[in-house]
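# Notes for the structure review
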Amino acid sequence: MKIILVNNRFKENTEKKAQEIAGRLASLQVEVIIDNGLDEPFAETVDFIIVLGGDGTMLRAARRYGQRAVPVLGVNMGTVGFLSNIEINELTEYLPLILREEYSLEPRMMLEVAVFQKQSLLTRVFCLNELLLRSDSPRMLSFEMEISGQSLEPYRGDGLIVSTTTGSTAYSLSAGGPVADPLLDAFIVTPVASHIINKRPLVVSPQREISLRLLEEREAVIGIDGQIKMDFGPENRVLIKRAPHPLLMVNLKAKPFFTSIDRSLQRQ
């Protein structure tokens, strides 16, 4: 068996824990690769991925390895842990189940984000939570959204979020979007500080494609999972669709979504 341990190199405790777990797995005849995000993603075939950290580390792991169709377990060492299934002090208890492959999988829809300069593709990124289009200055943006070729009336405001249902509890929620069951496949489209009062959040079928472009000269950026930032101008267009692969999240223990999210929101 070959396992990748993903950790956050900016947090010393996850670095130390990765080394400790790697030693334990090696004693069980498991081949271990540690990925702290400094180098390119490990290219060879692996059987399992363990992510040590918070939700940010899981988002990075999803972008790097989500297309592999490999089970991914989130082990919480952060502060929120919406995307984690177990806590770090439970990992030793659950290691035998991992090695015997006694777990269930929860596929989570991911986004495929393609950014164009006129007709030329600049970059393509897969992400788990959301894409954000926002102004890079105090001025509002005017922009157009098309859904599978259907043009909507222009938007005007600070920006727009297109999220998965997994990402519905992140930035989209803070901007007034709905909490969505993460087992659904859907786009959640949430305006950010809309200047047009009738622009409300939309829930869009994952069979559709969403296209965004600016309508005037403005300084704008797009953000992907809160970790990737790109300049975005009038000659750019971004196309968002469902990724061809889901993220295969591991369930080792029951973690009821609605009970957990309700308690988390009550504490805020």
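Quick summary incoming for the structure in this document. None of the values given here were measured: they were computed from a predicted structure. (Residues numbered from 1 in each chain as written. Predicted model: local features only at pLDDT ≥ 70, side-chain atom pairs only at ≥ 80, totals over all residues. Heavy atoms only, no water.)

## Description of the overall build of the chain
Along the backbone of the chain there are 5 helices and 19 strands. In terms of overall size, the chain behaves like a compact globule, its C-alpha atoms giving a radius of gyration of 19 Å where 268 residues would be expected to give roughly 18 Å. Considered along the principal axes of its C-alpha atoms, the chain spans approximately 60 × 40 × 35 Å. Looking at the chain as a whole, 50% of its 268 residues are labelled buried. Counted over contacts in the chain with a minimum sequence separation of 6, partners at least 24 positions apart contribute 69%. Entry remark: accessible area of the chain is about 13,000 Å², with carbon and sulfur atoms responsible for 48%. Across the chain, the 30 positively charged side chains and the 33 negatively charged ones have centroids separated by 3 Å. (Helix = DSSP H or I, 4+ residues; strand = E, 2+ residues; numbered from the N terminus. Rg over C-alpha atoms; globule rule 2.2 N^0.38 Å. Buried < 20%, exposed > 50% of the residue type's maximum accessible area, 1.4 Å probe, protein only. Contact = heavy atoms within 4.5 Å. Areas by Shrake-Rupley, 256 points an atom, 1.4 Å probe, with all protein chains shown as cover. Lys, Arg positive; Asp, Glu negative; His and termini not counted. Charge placed at Lys NZ, Arg CZ, Asp CG, Glu CD.)

## Quick word on the pattern of salt bridges
For the coordinates displayed, the defined rule picks out 17 salt bridges. Among the ionic pairs, Arg63 bridges to Asp225, the shortest N-O distance being 3.7 Å. Residue Arg63 is located in helix α2 (residues 55–65), and its partner Asp225 is located in the loop between β16 (220–224) and β17 (228–232); the two are separated by 162 residues in the primary sequence. Assessed through its relative accessible area of 17%, Arg63 is described here as buried. (Salt bridge = Lys/Arg side-chain N within 4 Å of Asp/Glu carboxyl O.)

## Thoughts on helix α3 (residues 91–99)
By the burial criterion, the buried members of α3 are Leu91, Tyr94, Leu95 and Ile98. Across the axial projection of α3, the buried residues extend over an arc of 135°, all falling on one side. Against the buried residues of α3 lie α1 (12–27), β3 (48–53), β4 (72–76) and β5 (86–87). Note on α3: the residue one or two positions beyond its end, Glu101, has a positive phi of about 60°. (Arc of directions from axis to C-beta.)

## Notes on the layout of surface pockets
By volume, the largest pocket is sized at about 820 Å³. Of the residues forming the lining of the largest pocket, the biggest block, 7 residues, is contributed by helix α5 (residues 257–267). (1 Å grid on protein atoms, 1.4 Å probe; cavity = no way out; pocket = protein on both sides within 12 Å on 5 of 7 lines; lining within 4 Å. Points joined across faces, edges and corners; volume = space filled by probe spheres on them.)

## Some words on the packing of α1 against α3
Running from N to C, α1 and α3 cross one another at 40°; their axes reach a closest spacing of 12 Å. As judged from the angle between their axes, α1 and α3 are oblique. For the element pair α1 and α3, the recorded crossing hand is right-handed. Within the contact between the two elements, α1 uses Ile21, Arg24 and Leu25 and α3 uses Leu91, Thr92, Leu95 and Leu99. (Axes fitted to C-alpha atoms, helices over the stretch in contact; angles between N-to-C directions. Parallel < 35°, antiparallel > 145°, perpendicular 65-115°, else oblique. Left-handed = near helix turned anticlockwise from the far one by under 90°.)

## Re the nonpolar core
Judged by nonpolar contacts, the single largest core of 27 residues is most densely connected at Leu133, Ile210, Leu212 and Ile240. A per-element tally of this core places strand β10 (residues 141–147) first, with 4 residues. In this view, Leu133 contacts Leu141, Phe143, Asp158, Gly159, Leu160, Leu212, Leu214, Ala220, Val221, Ile222 and Phe232; residues no more than four positions away in its chain are not counted. Judged by nonpolar contacts, the second largest core, of 21 residues, contains Val30, Phe48, Ile86 and Val250. (Core = buried A, V, L, I, M, F, W, Y, C linked by side-chain atoms within 4.5 Å.)

## With respect to unusual backbone geometry
Even without glycine at this site, Glu101 takes up a positive phi of about 60°. In this structure, Ala193 takes a positive phi of about 50° despite not being glycine. Within the secondary structure layout, Ala193 lies in strand β13 (residues 187–194).

## Some remarks on the packing of aromatic side chains
One pass over the structure, following the stated rule, counts 3 aromatic pairs. Cation over ring: Lys199 sits above Tyr155, and NZ or CZ is 4.1 Å from the ring centre. The aromatic ring of Phe116 is capped on one face by Arg237, whose charged end is 4.6 Å from the ring centroid. (Phe/Tyr/Trp six-rings, centres within 6.5 Å; stacked < 30°, edge-to-face > 60°. Lys NZ or Arg CZ within 6 Å of the ring centre and 35° of its normal.)

## Observations regarding α2
Note on helix geometry: an α-helix contains 3.6 residues per turn, so any two residues three or four positions apart are oriented the same way. Here α2 lies mainly inside the structure; 10 of its 11 residues are buried. Within α2, the full set of buried residues consists of Asp55, Thr57, Met58, Leu59, Arg60, Ala61, Ala62, Arg63, Arg64 and Tyr65.

## Some thoughts on the environment of Ala175
Here Ala175 lies in the loop between α4 (171–174) and β13. Ala175 sits 15 residues away from Leu160 along the chain, and the two C-alpha atoms are 9.2 Å apart. What Ala175 contacts, discounting residues up to four positions off in sequence, is Ile161, Thr190, Pro191 and Val192.

## Brief notes about the side chain of Lys2
Mapped onto the elements, Lys2 comes out in strand β1 (residues 2–6). Take Lys2: its relative accessible area is 13%, and that puts it in the buried class. A polar side-chain atom of Lys2 sits 3.1 Å from a polar atom in the side chain of Glu44. Each residue touching Lys2, except ones within four places of it in the same chain, is listed here: Glu31, Ile33, Phe42, Glu44, Thr45, Val46, Asp47 and Phe48. (Polar contact = N/O pair within 3.5 Å; in protein donor to acceptor, adjacent residues only side chain to side chain.)

Purely geometric numbers; function is a separate question.
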